[in-house]
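Letter by letter, the chains look like this.
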Amino acid sequence: MHMDYGKIRWFMRKAWVQRTYAEELEHFQSPRLNPQLDKALSEVIVELGLADKKMDGASVRGIPVKTEGKTYVSFAAAFDCCARSYLSPVSYISAILEACLYQKVDRCHFAEQAGRGLRAFPSFIREFDLRQGLIEEFTRRGIAVIVESGVRLDIEEHTDVKLTLFDEDGCEGRAYRLWSYLPTNRGTYNLLQKLLGRRAGGDVASGVHVLCPFPFFGKKDVVQGWYLHPESYFVEVADAIMECEASAERGKDALSTGAAVSYDDVICDPEAHVRRVCAFEKQAPRSETHAA
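All values derive from a computational prediction rather than experimental measurement.

### Regarding unusual backbone geometry
Thinking step 1. Of note, Lys-104 is a non-glycine position whose phi angle comes to about 60 degrees, a positive value.
Thinking step 2. Inspection of the secondary structure assignment puts Lys-104 in the loop between helix 6 (89-102) and helix 7 (110-140).
Thinking step 3. Overall, Lys-104 belongs to the exposed group, its relative accessible area being 74%.
Thinking step 4. In this structure, Gln-224 takes a positive phi of about 50 degrees despite not being glycine.
Thinking step 5. Checked against the element boundaries, Gln-224 lands in the loop between strand 5 (221-223) and strand 6 (226-228).

### Some thoughts on the sheet that holds strand 3 (residues 172-181)
Thinking step 1. The strand order 1-2-3-4-8-7 describes an open sheet built from six strands, whose pairing is mixed. Each edge of the open sheet carries a strand with a single partner, namely strand 1 (144-149) and strand 7 (261-262).
Thinking step 2. With five bridges joining them, strand 2 (residues 161-166) and strand 3 adopt antiparallel strand pairing. Looking at the pairing, Val-161 lines up with Leu-178 of strand 3.

### So, the nonpolar core
Thinking step 1. If you look at the biggest cluster of nonpolar residues, it comprises 47 residues, and the most contacted ones within it are Trp-16, Tyr-92 and Ile-93.
Thinking step 2. Only helix 1 (5-15), helix 2 (21-27), helix 3 (35-47), helix 5 (75-83), helix 6, helix 7 and strand 6 provide two or more residues apiece to this core.
Thinking step 3. If we skip the residues at most four places from it in the chain, Trp-16 touches Ile-8, Phe-11, Met-55, Leu-87, Ser-88, Pro-89, Phe-121, Ile-125 and Trp-226.

### Describing the pairing of strand 1
Thinking step 1. Of the two faces of strand 1, the one holding Val-145, Val-147 and Ser-149 is buried and the one holding Ala-144, Ile-146 and Glu-148 is not buried anywhere.
Thinking step 2. By the bridge criterion, six bridges tie strand 1 to strand 2 in an arrangement that is antiparallel. Residue pairing across strands places Ile-146 opposite Thr-164, the latter belonging to strand 2.

### Digging into the packing of aromatic side chains
Thinking step 1. Under the counting rule described, the total for this entry stands at 14 aromatic pairs.
Thinking step 2. Where Trp-16 meets Trp-226, the ring centres are 5.5 Å apart and the plane angle is 75 degrees; that geometry is what we call edge-to-face. Highlighted residues: Trp-16 in the loop between helix 1 and helix 2 and Trp-226 in strand 6, separated in sequence by 210 residues. Both residues of the pair, Trp-16 and Trp-226, count as buried.
Thinking step 3. Taken together, the ring pairs connect Trp-16, Phe-79, Tyr-92, Phe-121, Phe-124, Phe-128 and Trp-226 into an aromatic cluster.
Thinking step 4. The ring of Phe-214 has Arg-126 lying over it, and the distance from NZ or CZ to the ring centre is 5.5 Å.
Thinking step 5. For the cation-ring pair, Lys-220 lies above Phe-216, with the distance from its terminal atom to the ring centre recorded as 5.3 Å.

### Things to note about the pairing of strand 3
Thinking step 1. In textbook terms, the turn of a hairpin is the stretch between consecutive antiparallel strands, and for strand 2 and strand 3 this stretch comprises five residues, one of which, Gly-170, has a positive phi near 85 degrees.
Thinking step 2. Note: strand 3 against strand 4 (residues 207-213), six bridges, orientation parallel. Note on strand 4: the bridge partner recorded for Tyr-181 is Pro-213.

### Quick look at the packing of helix 3 against helix 6
Thinking step 1. Look at helix 3 against helix 6: their axes get within 10 Å of each other, and the N-to-C directions meet at 125 degrees. The angle between helix 3 and helix 6 falls in the class oblique. Relative to helix 6, the crossing made by helix 3 is right-handed. Contact with helix 3, carried on its side by Gln-36, Leu-37, Ala-40, Leu-41, Val-44 and Ile-45, involves Val-90, Ile-93, Ser-94, Leu-97, Glu-98 and Leu-101 of helix 6 and no other residues of that element.
Thinking step 2. When its residues are assigned to classes, the contact of helix 3 with helix 6 shows nine nonpolar, two polar and one charged.

### Structural notes on helix 10 (residues 231-249)
Thinking step 1. Helix length check: helix 10, at 19 residues, gives a terminal C-alpha distance of 27 Å against a target of 27 Å (1.5 Å per residue), a fit within 8%.
Thinking step 2. Buried within helix 10 are the following residues: Tyr-233, Phe-234, Val-237, Ala-238, Ala-240, Ile-241, Cys-244, Glu-245 and Ser-247.
Thinking step 3. Gly-251 sits one or two residues past helix 10 and shows a positive phi near 75 degrees.

### With respect to the confidence of the model for the chain
Thinking step 1. The predicted model of the chain has a mean per-residue pLDDT of 88, with 92% of residues at 70 or higher.
Thinking step 2. Within the chain, helix 13 (residues 286-291) has the poorest average pLDDT of any element, 52, and helix 6 the best, 96.

### What about helix 6?
Thinking step 1. Relative to the 20 Å expected for 14 residues at 1.5 Å per residue, helix 6 spans 20 Å between its end C-alpha atoms, a close match to the ideal helical length.
Thinking step 2. With eleven of its 14 residues buried, helix 6 lies for the most part within the structure.
Thinking step 3. Listing the buried residues of helix 6 in full gives Pro-89, Val-90, Ser-91, Tyr-92, Ile-93, Ser-94, Ala-95, Ile-96, Leu-97, Cys-100 and Leu-101.
Thinking step 4. Those residues of helix 6 that are buried are in contact with helix 2, helix 3, helix 5, helix 7 and strand 6.
Thinking step 5. Phi for Lys-104, located one or two positions after helix 6, is positive at around 60 degrees.

Calculation rules
- Residues numbered from 1 in each chain as written.
- Predicted model: local features only at pLDDT ≥ 70, side-chain atom pairs only at ≥ 80, totals over all residues.
- Heavy atoms only, no water.
- Helix = DSSP H or I, 4+ residues; strand = E, 2+ residues; numbered from the N terminus.
- Buried < 20%, exposed > 50% of the residue type's maximum accessible area, 1.4 Å probe, protein only.
- Pairing = 2+ DSSP bridges.
- Core = buried A, V, L, I, M, F, W, Y, C linked by side-chain atoms within 4.5 Å.
- Contact = heavy atoms within 4.5 Å.
- Phe/Tyr/Trp six-rings, centres within 6.5 Å; stacked < 30°, edge-to-face > 60°.
- Lys NZ or Arg CZ within 6 Å of the ring centre and 35° of its normal.
- Axes fitted to C-alpha atoms, helices over the stretch in contact; angles between N-to-C directions.
- Parallel < 35°, antiparallel > 145°, perpendicular 65-115°, else oblique.
- Left-handed = near helix turned anticlockwise from the far one by under 90°.
- Nonpolar A, V, L, I, M, F, W, Y, C, P; charged D, E, K, R; others polar.
- Expected span 1.5 Å × (residues − 1).
- pLDDT = per-residue confidence, 0-100.

The following block contains the structure:
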């Protein structure tokens, strides 16, 4: 069970910012069970210049980029593990270093792995925030959903967040695949590489997808330096999904009603679509359609 939406925001406001990274080491006891991990965690926090810093959003944005080569461990897996139990910047670093120890990564790479992982931490927070915020929004609407994210979904289904609707009888309905990213030049470039099937995971699955660029340059919630989605954003994404649902209920696909654009439209003219919440549909190949 993941930490809930309100709880992680409470931790940001009331717990994380109240402690430095060094103080969190005393609060977070799990590494004490592994002296090797305990020692590495204490040393890496000092090496990264974090020991005396409060665990706020600014602390992870100020980590210097070292000469970094290979990524030896899965940062997404480390975050997912923490989100299922206890999440803080220090517990996340601990999970990364524990993976390094398990995989026998050379000690000289520990700080660079932790540093790179911490710079990715805000993106995992935003994805988690999107997931939990949508659960709350659909619950307010009286609509049952299951919202999934994590390593398995990323690897097996090439999806950041998957939202599945259920009808009043509890029967599973359509699934929507959500793409969470920063609408910067680098963020949109990486998104397009994924959409074109040029990254791990291969081709994009057929069905309806929703582009969910974080409103970095617009209205956003800032909680102790952490950038999160405003409530209005969850309403906007849910409205886009429900517009597609309305099309389906009328016996039409989302493309024909204008509820979604086509996959080809996004690929051919990305600037018209990738900087706003936008549903797009990738239709199944003919052979796949006939097989169904």
